[in-house]
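So the chains spell out like this:
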Amino acid sequence: MDFSFTEEQEMLRDGVGKYLEKNYDFETRQALVRSEEPWSQKAWQQFAEFGLLALPFAEEQGGLGGSISDCVAVAELFGKHLVIEPYAASIMLAGAALAASDDGPAQDWLEKVIAGEAIAAFAYEEGAGTAAPDMVAMIAEPVGDAFTLTGEKRLVVAGGEADCLIVVARRGEDGPLGVFLVEKTAQRMEARSYTTIDGRSAANIRFDATPATLLDGAEAALDRILAHAIIVQSAEAVGAMGALLALTSDYAMTRKQFGVPIGTFQAVAHRLADMKIAYTKARATLLYTTAMAESGAVKPRDIAILKGQVGKLGKAVGEAAIQTHGGVGMTDELSVSHYHKRLLACDAMFGSHDYHLRVVGQG
Amino acid sequence: MNIDFAPELEDFRAQVAEFFATAPTPAIREAGRKTTSVFAPFKECMEWHRILYDKGWVAPHWPEEYGGTGWSVEQRFIFAEEYRKADLPPLLPQSLGMVGPLLIDIGTEEQKAKYLEPILKGEDFWAQGYSEPNSGSDLASLSCRAEPDGDDYIINGSKIWTTYAHHANRMFMLVRTSNEGKKQQGITFLLLDRVDYPGMEIRPIVGLDGFPEQCEVFFEDCRVPQSGRVGEENDGWSVAKHLLKHERGGGNAASPTLMRYCERARAAAAETLSPFGGKLSEDPVFQRDIGELEADIASLAHFEKLAISGHEIARDPAFPSMNKTINSELVQRASTLMAQVSGVDGLARQLEALRVGSNVEPLGSEFDLISMPLYLNSRATTIYAGSNEVQRDLIARTVAGS
Ligand SMILES: Cc1cc2nc3c(=O)[nH]c(=O)nc-3n(C[C@H](O)[C@H](O)[C@H](O)COP(=O)(O)OP(=O)(O)OC[C@H]3O[C@@H](n4cnc5c(N)ncnc54)[C@H](O)[C@@H]3O)c2cc1C
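Just so it is clear, the model here is predicted, and its values are computed rather than measured.

### As for the nonpolar core
For step 1, the next point in the chain: Of all hydrophobic cores here, the largest spans 139 residues; its most connected members are A:F47, A:L98, A:F122 and A:L149.
For step 2, the next point in the chain: The dominant element in this core, judged by the number of residues it contributes, is helix α7 (residues 222-254) of chain A, at 18 residues.
For step 3, the next point in the chain: Setting aside anything within four residues of it in sequence, one finds A:L98 in contact with A:A106, A:Q107, A:W109, A:L110, A:V113, A:A120, A:I166, A:L181 and A:L215.
For step 4, the next point in the chain: Formed by 42 residues, the second largest nonpolar core is a distinct cluster that contains B:L9, B:V16, B:W71 and B:I104.

Right under this line is the structure:
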């Protein structure tokens, strides 16, 4: 058994980490979030150059044949730097769905996505914290060889900017799930874009008999795609937790009240200890689950354990970090509150910890 | 023992409810529904303040001779209950709840004559300048300095977290006037009758919810009259301690607000899909979560009712700290539940739609619009007015001493 990152993974982390240290410090990130740009094109191109956009895809598809642990190794850094580029959405979800289908258009789009020439987005959520595919209610009506979609998808990360959308819907009432491709230019579709509390660009998208193409084969891969995206998103959350632990312990050891560092008060010291325990547990579960996924042994219950634990522990770490910082923790100026908002968003997407812990409880 | 309010109080309740149903303007109602902090949107809040003033109901807790209502504690509680039920913007505490009662208790006749009426009328709004960048929980370590010079003080230093100072026209503050002896003994309590003195600058701080609520206040050789002093020079700590009784004191009936949050969460849950199918309100886990919360809120309500009945519970030296701790943590739990009900719909940052009078449609419901900002803002309840760690130390001392 070995749960460490390999030498190659450490090298990749080193390169990406150095780039982010230099070009994605908190101030730069804040300027980006406040700008009109949904994210940094430059950073996205740089990710392409590092091979990150090609990482999870098979070599014969133009990818690098990377594993889930390669993606996790990088995603922790994304969390540490509060990266707003839509990696999980465009690569792990929409990209993976394109890769899962042999259809021509899917392959063409995938090529562009890998090259950083197109953005694909994944339209899944319907407002109930739709974690399990069998809860997807949106219906695709067959019209000749094609389909039309009607209804609304919410919190589609990068949905307003995407060149193509990957939409999960049901093939007729009570029918099997299908994964559909909708091009940006499609008729009868309306996106309302917004920024999420954690600085990402998202959209709620209304479809009204919008023409869509079924991506053959992608449906069968849906569970694995979601599982891998949840792992990557959890890695982002764990990266954010680690950053919060470091920031908060530094602060507690330098901030003085009553003539001593606040970290010397037992109430504060014990909270730091709890934060460390929470982070360590979450990271252990992340790395173990990643290894299981890599060896093909991961079960839906393991994914639910990961998502539940990271969501719950992450929220606790964020809240503890704010409390320990006192008034400054309540400001927009410090990164602390932004880490917390990232953790809240990671928790809410693809089923909150409440949902996943109950799935675990169902056995 | 008897739990009932006297029957004539029901008439009183009806009269209060009737007024709340008819008097507020639509903008004031909107401000009430969109209040995502203990501090309501300023403009509409002050408009509502003036309506209550005209009715004679703006300061129920003040003595009648100073403009109070002369109501019993039960009437005040009923008033608070109806107020919360109507989702009206809470009045701002600094003037009516802090500096006003303080001046009534220990201000000079001139100070009372000058300041009380404009507070009641809502013409003045006071900011509270206590905290400093290096003096939070350890407030007595404050260092913003006031040097006597003729009839004036010259102030140098800064204050922080001063809520709504950017809306205020007056400010009460603590300054250091001596470095001799214990740190508590060199502090003076000052009233500033303007906030635009030369050498004084106010800068808003944007909070984690995206709104400027607190401020930083800078003083550079800022000359203010000594006549604004309350109490003796270097005796400001005992003045501040006196005021603290008003800030942390009981009788402010938090439970009706908390119950309102639960009612709103229940109503939203009845419209929200559960991730397991059906409506969230039918989901047994939601029912258990909200049940646990409501039971705790009920206990707070019982605790508050015992206190207003004059029960010895309110004379416990730990009462203010217990009240603050229970209340602040319940606000956090209630808003956590609200954000949970909103789920992904709470993740959109919608600052513009939250503004009173905005014509931007919220993405989800109005409940979804407020739940996340309320959750984020409520992280502060366990920090301000004496952090809960500090309160627990105070409570622990009364346990150890019993
Ligand atoms: C929303 C908001 C509104 C406010 N409004 C005002 C206002 O209008 N006017 C004003 O003057 N101030 C105001 N404050 C300031 C508030 O009173 C301070 O934030 C508070 O006193 C805590 O100080 P601090 O932020 O410096 O935190 P610190 O004192 O630095 O505390 C940081 C952490 O250390 C812990 N800690 C500190 N000392 C101890 C101890 N002895 N034992 C155990 N733990 C300890 C705290 O509990 C906290 O978790 C406001 C603050 C907020 C957040």
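### Here we look at the domain arrangement of chain A
All names here are of chain A.
For step 1, the next point in the chain: Looking at the assigned domains, one finds that chain A contains domain 1 (7-115), domain 2 (120-220) and domain 3 (222-362).
For step 2, the next point in the chain: Here domain 1 and domain 2 have C-alpha centroids that lie 22 Å from each other.
For step 3, the next point in the chain: Facing 20 residues of domain 1, the contacting portion of domain 2 comprises 21 residues.
For step 4, the next point in the chain: Where domain 1 abuts domain 2, roughly 1600 Å² becomes buried across the two surfaces, and 72% of that area is made up of carbon and sulfur atoms.
For step 5, the next point in the chain: Area buried by domain 1 at its contact with domain 2 is led by A94, D103 and W109, which between them contribute 27% of it.
For step 6, the next point in the chain: Put simply, domain 1 and domain 2 have zero salt bridges between them.
For step 7, the next point in the chain: In this assembly, domain 1 and domain 2 are joined by five residue pairs in polar contact (both at pLDDT 80 or more).
For step 8, the next point in the chain: For the side of domain 1 that touches domain 2, the element with the most residues is helix α5 (residues 87-99), which contributes six residues.
For step 9, the next point in the chain: The class makeup of the residues in the side of domain 1 that touches domain 2 is 15 nonpolar, two polar and three charged.

### Some remarks on the environment of B:K55
Residues and elements named next belong to chain B.
For step 1, the next point in the chain: Mapped onto the elements, K55 comes out in helix α3 (residues 42-55).
For step 2, the next point in the chain: Looking at K55, the relative accessible area reads 38%, which means it is partly exposed.
For step 3, the next point in the chain: Separated by 139 residues in sequence, K55 and R194 have C-alpha atoms that sit 28 Å apart.

### Concerning the UniProt feature "domain: Acyl-CoA dehydrogenase/oxidase N-terminal" (unreviewed entry) in chain B
For step 1, the next point in the chain: UniProt tags residues 7-123 of chain B as "domain: Acyl-CoA dehydrogenase/oxidase N-terminal" (unreviewed entry).
For step 2, the next point in the chain: Summarising residues 7-123 of chain B: 66% helix, 0% strand, and an end-to-end C-alpha distance of 37 Å.

### Some details on helix α4 (residues 68-80) of chain A
An α-helix turns once per 3.6 residues; consequently, residues spaced three or four apart project the same way.
All names here are of chain A.
For step 1, the next point in the chain: A rise of 1.5 Å per residue sets the reference length of α4, with its 13 residues, at 18 Å; its end C-alpha atoms lie 18 Å apart and thus fit the reference within 8%.
For step 2, the next point in the chain: Judged by how many residues are buried, α4 sits mostly within the fold: twelve of 13 residues are covered.
For step 3, the next point in the chain: Those residues of α4 not exposed but buried are I68, S69, D70, C71, V72, A73, V74, A75, E76, L77, F78 and G79.
For step 4, the next point in the chain: Looking at the buried side of α4, the elements it contacts are α1 (7-23), α3 (41-50), α5, α7, α8 (266-294) and α10 (335-348).
For step 5, the next point in the chain: Trailing α4 by a residue or two, L82 shows a phi angle of about 50°, which is positive.

### Overview of the site of the ligand
For step 1, the next point in the chain: In the region of the ligand, 26 residues are neighbours, and A:R255, B:Q128, B:S137, B:S387 and B:E389 sit closest.
For step 2, the next point in the chain: With respect to the ligand, the chains having nearby residues are chains A and B.
For step 3, the next point in the chain: Interatomic distance of 3.2 Å between a side-chain N/O atom of A:R271 and an oxygen atom of the ligand.
For step 4, the next point in the chain: Residue B:T163 places a side-chain N or O atom 2.7 Å away from a nitrogen atom belonging to the ligand.
For step 5, the next point in the chain: Computed on the free molecule, the ligand has an accessible area of 970 Å², of which 93% lies beneath the protein chains in the complex.
For step 6, the next point in the chain: Those elements that provide at least two residues to the shell around the ligand are α8 and α9 (300-325) of chain A together with α13 (388-400) of chain B.
For step 7, the next point in the chain: Taken together, the residues that form the shell around the ligand break down as nine nonpolar, 13 polar and four charged.

### Topic: the UniProt feature "domain: Acyl-CoA dehydrogenase/oxidase C-terminal" (unreviewed entry) in chain A
For step 1, the next point in the chain: Look at the UniProt record and you will see "domain: Acyl-CoA dehydrogenase/oxidase C-terminal" (unreviewed entry) annotated at residues 217-362 of chain A.
For step 2, the next point in the chain: With 76% helix and 3% strand, residues 217-362 of chain A has its two end C-alpha atoms placed 30 Å apart.

### A look at the packing of helix α10 (residues 319-342) of chain B against helix α12 (residues 366-377) of chain B
All names here are of chain B.
For step 1, the next point in the chain: Contact pair α10 / α12: the axes reach a minimum separation of 8 Å and the direction vectors enclose 140°. By the angle between their axes, α10 is oblique relative to α12. As for how α10 packs across α12, the hand of that crossing is left-handed. Along its contact with α10, which presents S335, T336, M338, A339, V341 and S342, the element α12 presents F367, D368, I370, S371, L374 and Y375.

### Observations regarding the side chain of B:E213
For step 1, the next point in the chain: Within the element layout of this structure, B:E213 appears in strand β7 (residues 212-225).
For step 2, the next point in the chain: Despite its burial, B:E213 pairs with no opposite charge; the closest candidate is A:K341, at 13 Å N-O.
For step 3, the next point in the chain: There is a polar contact of 3.4 Å between the side chain of B:E213 and the side chain of B:Q214.
For step 4, the next point in the chain: If sequence neighbours within four positions are ignored, B:E213 has contacts with B:S37, B:F39, B:T162, B:T163, B:Y164, B:H166, B:I205 and B:N377.

### As for the interface of chain B and chain A
For step 1, the next point in the chain: On the side of chain A, 43 residues touch chain B, which itself brings 41 residues to the contact.
For step 2, the next point in the chain: In total, chain B and chain A occlude about 3600 Å² of area from one another, counting both sides; carbon and sulfur atoms represent 61% of this.
For step 3, the next point in the chain: The largest contributions to the chain B side of the interface with chain A come from B:L208, B:F276 and B:L347, which together make up 20% of the buried area.
For step 4, the next point in the chain: Our enumeration of links across chain B and chain A arrives at four salt bridges.
For step 5, the next point in the chain: Put simply, B:R379 and A:E319 hold a salt bridge, and the shortest N to O gap is 3.5 Å.
For step 6, the next point in the chain: Linking chain B to chain A there are 20 residue pairs in polar contact (both at pLDDT 80 or more).
For step 7, the next point in the chain: Elements represented by at least two residues in the side of chain B that touches chain A include exactly β6 (200-206), α10, α12 and α13 of chain B.

### Looking at the UniProt feature "domain: Acyl-CoA dehydrogenase/oxidase N-terminal" (unreviewed entry) in chain A
For step 1, the next point in the chain: On the UniProt side, "domain: Acyl-CoA dehydrogenase/oxidase N-terminal" (unreviewed entry) is annotated at positions that read residues 6-117 of chain A here.
For step 2, the next point in the chain: Between the C-alpha atoms that bound residues 6-117 of chain A the distance is 30 Å, and the span itself is 65% helix and 0% strand.

### Overview of the packing of helix α4 (residues 73-85) of chain B against helix α9 (residues 284-308) of chain B
All names here are of chain B.
For step 1, the next point in the chain: At their nearest, the axes of α4 and α9 sit 9 Å apart, and the two run at 150° to each other. Relative to α9, α4 is oriented roughly antiparallel. The two elements α4 and α9 meet at a crossing, and its hand is right-handed. Within the contact between the two elements, α4 uses V73, F77 and E81 and α9 uses E304, K305 and I308.
For step 2, the next point in the chain: Residue composition of the contact of α4 with α9, by class: three nonpolar, no polar and three charged.

The rules behind the values
Residues numbered from 1 in each chain as written. Chains lettered and ligands numbered in written order. Predicted model: local features only at pLDDT ≥ 70, side-chain atom pairs only at ≥ 80, totals over all residues. Heavy atoms only, no water. Core = buried A, V, L, I, M, F, W, Y, C linked by side-chain atoms within 4.5 Å. Buried < 20%, exposed > 50% of the residue type's maximum accessible area, 1.4 Å probe, protein only. Helix = DSSP H or I, 4+ residues; strand = E, 2+ residues; numbered from the N terminus. Contact = heavy atoms within 4.5 Å. Domains from an automatic or database assignment. Buried area = accessible area lost by both parts, 1.4 Å probe. Salt bridge = Lys/Arg side-chain N within 4 Å of Asp/Glu carboxyl O. Polar contact = N/O pair within 3.5 Å; in protein donor to acceptor, adjacent residues only side chain to side chain. Nonpolar A, V, L, I, M, F, W, Y, C, P; charged D, E, K, R; others polar. UniProt positions renumbered as here; feature names shortened; annotations may be inferred. Expected span 1.5 Å × (residues − 1). Near = heavy atom within 4 Å. Areas by Shrake-Rupley, 256 points an atom, 1.4 Å probe, with all protein chains shown as cover. Axes fitted to C-alpha atoms, helices over the stretch in contact; angles between N-to-C directions. Parallel < 35°, antiparallel > 145°, perpendicular 65-115°, else oblique. Left-handed = near helix turned anticlockwise from the far one by under 90°. Lys, Arg positive; Asp, Glu negative; His and termini not counted.

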